[in-house]
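Take a look at the letters that make up each chain.
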Amino acid sequence: MARNIETRLPLMTEVTGITHSNSAKPRLRFAPSPTGYLHVGGARTALFNWLYARHFGGTLILRIEDTDFERSTDEMVDGILQGLAWLGIDWDEGPFFQSKRMDLYKAAGERLLASGHGYYCFCAKEELEQRRAVAQAEGRTPKYDGTCRRLSREEREKRRTEGAAGAIRFAVPETGVTAFQDAVFGRVEFANTELEDFVLLRSDGVPTYHLSVVTDDIEMKMTHILRGADHISNTPKQVLLYEALGAALPVFAHVPLILGADKTRLSKRHGATSVMAYRDEGIVPEAFRNFLALLGWTPKDSSKEVLSDRELVQQFGLDGISHSNAVFDRPKLDWFNTEYIRAYPAERLIPLIEEEWKKAGVTPLQREPGWLARTVDLLKTRARNLKDFADAFRAFFSDDFEADPAAVTKFLSEASIREILVELGSRYATSIEEFSEQGTEKILRDLAAENGVKAGALINGARVALTGQAVAPSLFAVMMALGKDRVVGRLKRC
RNA sequence: GGCGCUAUCGUCUAGGGGUUAGGACGUGAGAUUCUCAUUCUUAAAACACGGGUUCGAUUCCCGUUAGCGCUACCA
């Protein structure tokens, strides 16, 4: 079975049998391109690499693939770093920037040229595009037709000395197949005729993706290439490159893609695709990480789903990676979020909540020590999102809040109830009894009996008066959280 | 179009030649409660289709269909 490749069997290619030994500690990398923020798919790839490296005590390298100067920006680099930090993913070496390693790729390209694996191509870009269009129209596979591959040595020399700018292409074998053993998909094979003579170095000397990736992966001694399944079709070209460069093949492991609810590739119209957007939406990082880890991977013991980073690291392995794409299920993420918020100690939650207050313009009350943590602990069991602390629970932390009109209509519309609540406020103010859960409850129930109304009606009304919400913890716990003065004040305003 | 990958409840998945096909999220119902959430009980919900192989296929093989990916001097 292709799934149990954990033991790193010898990798096979048609042409070479060289592999890395399986004794060394693994070296992995996350290699984002800073042409966009850190998106969900990239984050999961990063997470899997991190999990794998940590599981085996290996090394994780961060490499920024910024050879596309047009589209790469420093802001995106910062954004990616920020996203990784939020997820708690750290690395051991780097970040390395490919833009600072251009000489390496150029040398590799020239080495390939010298060894006969590459050749100069003088075809103009427009010309190529046109040929491609024609091929497309005629229903042929639009791959490079090899015009310059057939050029005689003399012709090539002539063009070079004339100063023609040329790209260097890789000469793909015209027959045979290129195959690799994928740690998740098993053996994957491509006919060489399906592969085109891809460009190694552009005419301006800038390397193309395949060259820079393989050069770096060799130079950085990567043992495992763990990346999105969208790279499966790129892999044979890269395998060819390893072979031409005389390097051992790493273990390839491709991870299925993450789709939106409509099963199409995750994109902006599915909502947030940037991981930082989830922070902004009130998701706790551990929840997001846990959710992401289980998208396309299942631990051996699949019965437990809420897993700490330690458990994740402990259990992670390539054999649990799924073969099929996974749909990003937002309700499940929200469930993880409530689980984590509930489990977080107040101290851990408070800084995150403070961020939400800042965003919502809430200035929290200054009260006695311990109050904040106690109140957060009281509320966190019914929170589904960090934002709840800034909206639904706002009245616990600030006197500046507005009552939910629906709640008022439901529980506070009767004038008689409001009058009794004002009276309740007075009784709390003048009572000599201790302001405790039992004491406040007794006073309320007595007052309800005196007035011939149900205690529940008073309780529900009081809840709205005190919190502005129809939904809150037990009323008397709410009173304790608010304190006598606030309870009295808010009741009297009824 | 070509090539590649994939196919178990709505979603994430477990399983695997003979199972009442299991779990989780979500959904419905009920119980509890001062509201809501929680909690508890419970219900509905799946092996894409067609051929083989086999005593027996959801499981193995082939095909079909569908989805996704790749198909650049982007990464």
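Look up a bit, the structure's there.
Residues numbered from 1 in each chain as written. Chains lettered and ligands numbered in written order. Predicted model: local features only at pLDDT ≥ 70, side-chain atom pairs only at ≥ 80, totals over all residues. Heavy atoms only, no water.

Novice: Provide a residue-level description of the protein's contact with RNA strand B, including the pertinent values.
Specialist: Taken together, the neighbourhood of RNA strand B is formed by 63 residues, with R202, R382, I459, R463 and S474 sitting nearest. Sugar and phosphate atoms form 73% of the subset of RNA strand B atoms that lie within 4 Å of the protein. Between a sugar or linking oxygen of RNA strand B and a side-chain N or O atom of E305, the distance comes to 3.3 Å. Residue assignment for the surface near RNA strand B shows that the elements contributing at least two residues are α4 (125–137), β5 (167–170), β7 (186–191), β12 (326–327), α11 (330–343) and α18 (455–467). Here the surface near RNA strand B takes four residues from α11, the largest share from any one element. (Near = heavy atom within 4 Å. Polar contact = N/O pair within 3.5 Å; in protein donor to acceptor, adjacent residues only side chain to side chain. Helix = DSSP H or I, 4+ residues; strand = E, 2+ residues; numbered from the N terminus.)

Novice: Could you give an account of unusual backbone geometry, with specific residues and numbers?
Specialist: At the junction of G94 and P95, the peptide bond is cis and its omega measures out at 5 degrees in the coordinates. Examined against the element boundaries, P95 turns out to sit in strand β3 (residues 93–97). One non-glycine residue, K221, lies in the positive phi region at around 60 degrees. Here K221 falls in the exposed class, since its relative accessible area comes to 54%. One non-glycine residue, K263, lies in the positive phi region at around 65 degrees. Its location among the elements puts K263 in the loop between β11 (258–259) and α8 (275–280). Overall, the relative accessible area of 62% leaves K263 in the exposed class. (Buried < 20%, exposed > 50% of the residue type's maximum accessible area, 1.4 Å probe, protein only.)

Novice: A description of the nonpolar core should follow, citing residues and the corresponding values.
Specialist: Across soluble globular proteins, you tend to see nonpolar side chains buried next to one another. Among the nonpolar cores identified, the biggest contains 102 residues, and F288, F328, F389, F397 and Y428 are the most heavily contacted of them. Residue contributions to this core peak at nine residues, all from helix α1 (residues 40–55). Aside from chain neighbours lying at most four places away, what touches F397 is W357, T363, P364, L365, W371, L372, T375, V376, L379 and F389. One finds C121, I168, V206 and M220 within the second-largest nonpolar core, a separate group that totals 42 residues. (Core = buried A, V, L, I, M, F, W, Y, C linked by side-chain atoms within 4.5 Å. Contact = heavy atoms within 4.5 Å.)

Novice: Now, about the pattern of salt bridges: what can you tell me, with residues and values included?
Specialist: Per the stated rule, a full pass over the model turns up 39 salt bridges. Across the pair R101 and E219 runs a salt bridge, and its minimum N-O distance is 2.8 Å. Of this pair, R101 sits in the loop between β3 and α3 (102–114) while E219 sits in helix α6 (residues 209–219), placing them 118 residues apart in sequence. One salt bridge connects D399 with R486, and the closest N-O pair in it is separated by 2.7 Å. One end of the pair, D399, is in the loop between α14 (394–397) and α15 (405–411); the other, R486, is in helix α20 (residues 484–492), with 87 residues separating them in the sequence. On the basis of relative accessible area, D399 is assigned to the partly exposed category, the value being 40%. Given a relative accessible area of 22%, R486 falls into the partly exposed group. Salt bridges sharing partners connect three or more residues here, namely R29, R63, E65, R101, D216, D217 and E219. (Salt bridge = Lys/Arg side-chain N within 4 Å of Asp/Glu carboxyl O.)

Novice: Go over the state of the cysteines, please, and point to the residues and values.
Specialist: According to the stated counting rule, one finds zero disulfides in the structure shown. With no disulfide partner, C123 has as its closest neighbouring cysteine sulfur the one in C148, 3.5 Å distant. Of the residues examined, C123 reaches a relative accessible area of 14% and is grouped as buried. (Disulfide = S-S within 2.5 Å.)

Novice: I'd love a proper account of the environment of T141, names of residues and values included.
Specialist: Checked against the element boundaries, T141 lands in the loop between α4 and α5 (153–161). For T141, a relative accessible area of 52% puts it in the exposed group. Separated by 258 residues in sequence, T141 and D399 place their C-alpha atoms 69 Å apart.

Novice: Break down the packing of aromatic side chains for me, citing the residues and quoting the values.
Specialist: Across all of its chains, the model carries 18 aromatic pairs by this definition. Taking the centre distance of 5.3 Å and the plane angle of 80 degrees together, the rings of F389 and F393 count as edge-to-face. A relative accessible area of 0% means that F389 is categorised as buried. Members of the aromatic cluster, joined through ring pairs, are W86, Y278, F288, F291, F328, W335 and F336. Across the ring face of Y144, the terminal group of R169 is positioned such that the distance to the ring centre comes to 3.6 Å. The ring of Y344 has R348 lying over it, and the distance from NZ or CZ to the ring centre is 4.5 Å. (Phe/Tyr/Trp six-rings, centres within 6.5 Å; stacked < 30°, edge-to-face > 60°. Lys NZ or Arg CZ within 6 Å of the ring centre and 35° of its normal.)

Novice: Explain the sheet that holds strand β4 (residues 118–121) to me, and be specific about the residues and the numbers.
Specialist: Read from one edge of the open sheet, three strands run β4-β5-β8, paired in antiparallel fashion. One side of each edge strand has no neighbouring strand; the edge strands of this open sheet are β4 and β8 (199–201). Geometrically, the sheet is characterised by an average inter-axis angle of 45 degrees between neighbouring strands, direction not taken into account. (Pairing = 2+ DSSP bridges. Axes fitted to C-alpha atoms, helices over the stretch in contact; angles between N-to-C directions.)

Novice: Tell me about the environment of E433, residues and numbers included.
Specialist: Here E433 shows up in the loop between α16 (415–430) and α17 (437–451). For the pair formed by E433 and I443, sequence separation is 10 residues and the distance between their alpha carbons is 9.5 Å.

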